[in-house]
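The primary structure of each chain is shown beneath.
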Amino acid sequence: MKRIICSFIMMIILYLLQTTIFNKIAIAGIKPNILMILVVFTGYRYGKIQGMIMGFFMGLFLDLTESDYIGYYALLYLTIGYLVGFSNKLYNSESIIIPMGLVGVSDFMLNFLIFVTGFLLRNRLDLPYYMMKIILPETIYTVIVSAILYKAIDYIYLRLEMIGKGDEI
């Protein structure tokens, strides 16, 4: 139960950081996707179902504030959380390379799916421009920020597990 409450609080905190502070430190209009970091971490650490649930709620937060359609980002983040959950068997608390790689692949996949569903279907075919100006810079920026945030998020969940032994539902 503590993990659920802590996850919800971290969702809100990271969402607020994403929409306030990280908007201010955007480099050339590109900001890191720290919501993706939490979705990837949850799927990587706890598996498909928890990654899917975290992805759904993070996407829903974005849908309610930044999207014209309810469910668009929720479906994209849910899918990514589910797919990252397959890497749960590779989880090692000491390794930071695998989660950083998963964050990079997930952010790239998210932005590519946004391009396909948001631009390509409306006959905007400038993939090289979108790739060089938006997808790759955001992916690199997100991976760099994930190196910092990953250890902090891992530490919080580790402390919760130590405190709440036997408190699972």
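Refer to the structure printed above.
Below is a short write-up of the structure. Everything quoted here is computed from the prediction, not taken from an experiment.

The number of helices and strands found in the protein chain is seven helices and zero strands. For 169 residues, the compact-globule estimate of 2.2 N^0.38 gives 15 Å, and the protein chain sits close to it at 16 Å. Its C-alpha atoms put the protein chain at 55 × 30 × 30 Å along the principal axes. Burial analysis of the protein chain (169 residues in total) assigns 43% to the buried set. Total accessible area on the protein chain is roughly 9,400 Å²; 72% of this is exposed by carbon and sulfur atoms.

Counted under the stated rule, the structure contains one salt bridge. The partner of aspartate 154 in a salt bridge is arginine 45, and the shortest N-O contact between them spans 2.3 Å. One end of the pair, aspartate 154, is in helix 7 (residues 127-163); the other, arginine 45, is in helix 3 (residues 34-46), with 109 residues separating them in the sequence. Take arginine 45: its relative accessible area is 10%, and that puts it in the buried class.

How each quantity is defined
- Every chain is numbered on its own, with residues counted from 1 as its sequence reads.
- Predicted model: local features are reported for residues with pLDDT of at least 70 only, side-chain atom pairs are reported and counted for 80 or more only, and whole-chain, interface and lining totals are derived from all residues.
- Hydrogens and waters are ignored; side-chain quantities use all the structure's heavy atoms.
- Under the DSSP-based scheme used, a helix requires at least four consecutive residues in state H or I and a strand at least two consecutive residues in state E, with every element numbered from the N terminus.
- It is over C-alpha atoms that the radius of gyration is taken, and the globule rule equals 2.2 Å times the number of residues to the power 0.38.
- Think of it in three bands: residues with accessible area under 20% of the maximum for their type are buried, residues over 50% are exposed, and the middle band is partly exposed, with areas taken using a 1.4 Å probe on protein chains only.
- Only the protein chains shown count as covering a residue, and every accessible area follows the Shrake-Rupley method with a 1.4 Å probe.
- Salt bridges are defined by distance alone: a side-chain nitrogen of Lys or Arg within 4 Å of a carboxyl oxygen of Asp or Glu.

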